[in-house]
Amino acid sequence: VEALIASAEVELAAGQNGEAKRTASQARDVAKWSRMLHWEIRAALIAARAAWLGGGASQSMVELDDLARRAKEREYRSLEARIHDLTGEIHAKAGDWEVAAAEFIRAADLMKEILSSISEEDRRSLVHHPDWRATIGNLLDTLMRIGRREDALGYLVALGVGTCDV
């Protein structure tokens, strides 16, 4: 499953959205049959991103709603945050900035929960991770775009952005 997910991520990075979706879907199915829910959700998230980038936004939104629910039920906070971040990206790309901001805030609030439960060293590592830097950047850019500067500034400290450049 890990190898299929890694392959799907490489294909996605190379712009091969159809192939990435196929590979991620295969990883999702194997994880589902193996009863590995975390891996199933992770693979499905990649498949949803590939579908969206390939032009299937509505299909992705339906799947993302279900994935967010399932991740929340199992308390997979980091996956749930990534799901909300992707949902926000889809809304932002469609020009629905208020809904995008709400999704990015959900992702950031989950990040704050995660950050509050780990050591300072781990916190610094997490906020430097490319996925989380992108999530923080999405949140801050969107809040600034819709005129919520004070909210954006409030998240800077809460998310530990003082420890890295976003």
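The structure under discussion appears in the preceding block.
**Student:** I would appreciate a short explanation of the pattern of salt bridges in the present structure.
**Tutor:** Once the charged atoms of two side chains with opposite charge are near each other, the side chains can pair. Tallied over the entire structure, the rule returns 15 salt bridges. Across the pair Glu 113 and Arg 77 runs a salt bridge, and its minimum N-O distance is 2.6 Å. Separated by 36 residues along the polypeptide, Glu 113 in helix α6 (residues 97-116) and Arg 77 in helix α5 (residues 77-93) bring together distant segments of the chain. Taking relative accessible area as the criterion, Glu 113 reaches 40% and is therefore assigned partly exposed. Between Glu 150 and Arg 149 there is a salt bridge, with its nearest N and O atoms 3.9 Å apart. Judged by its relative accessible area of 47%, Arg 149 is partly exposed.

**Student:** Just to check I follow, could you spell out unusual backbone geometry for this structure?
**Tutor:** The phi angle of most residues is negative, glycine excepted, and most peptide bonds adopt the trans form. Its identity is not glycine, yet Arg 35 carries a phi of approximately 60°, on the positive side. With respect to the helices and strands, Arg 35 occurs in the loop between α2 (17-33) and α3 (37-53). Of note, the phi angle at Glu 75 is positive, near 60°, even though the residue is not glycine. Mapped onto the fold, Glu 75 is located in the loop between α4 (57-73) and α5.

**Student:** Explain the environment of Ile 146 here, please?
**Tutor:** Relative to the assigned elements, Ile 146 resides in the loop between α8 (130-145) and α9 (149-158). Between the C-alpha atoms of Ile 146 and Glu 98, which are 48 residues apart in sequence, the distance is 7.4 Å. With residues up to four places along the chain from it excluded, the contact list for Ile 146 reads Trp 97, Glu 98 and Ala 101.

**Student:** When you look at the packing of helix α1 (residues 2-13) against α2 in this model, what are you seeing that I'm missing?
**Tutor:** Any two packed helices are characterised by the angle at which their axes cross and by the distance between the axes. Between α1 and α2, the shortest axis-to-axis distance is 8 Å and the interhelical angle comes to 165°. Compared by their axis directions, α1 and α2 come out roughly antiparallel. In this structure, α1 crosses over α2, and the sense of that crossing is left-handed. The segment α1 lies against α2, with Leu 4, Ile 5, Ser 7, Ala 8, Glu 11 and Leu 12 engaging Asn 17, Glu 19, Ala 20, Thr 23, Ala 24, Gln 26, Ala 27 and Val 30. In terms of residue class, the contact of α1 with α2 is made up of eight nonpolar, four polar and two charged.

Criteria and cut-off values
Residues numbered from 1 in each chain as written. Predicted model: local features only at pLDDT ≥ 70, side-chain atom pairs only at ≥ 80, totals over all residues. Heavy atoms only, no water. Salt bridge = Lys/Arg side-chain N within 4 Å of Asp/Glu carboxyl O. Helix = DSSP H or I, 4+ residues; strand = E, 2+ residues; numbered from the N terminus. Buried < 20%, exposed > 50% of the residue type's maximum accessible area, 1.4 Å probe, protein only. Contact = heavy atoms within 4.5 Å. Axes fitted to C-alpha atoms, helices over the stretch in contact; angles between N-to-C directions. Parallel < 35°, antiparallel > 145°, perpendicular 65-115°, else oblique. Left-handed = near helix turned anticlockwise from the far one by under 90°. Nonpolar A, V, L, I, M, F, W, Y, C, P; charged D, E, K, R; others polar.

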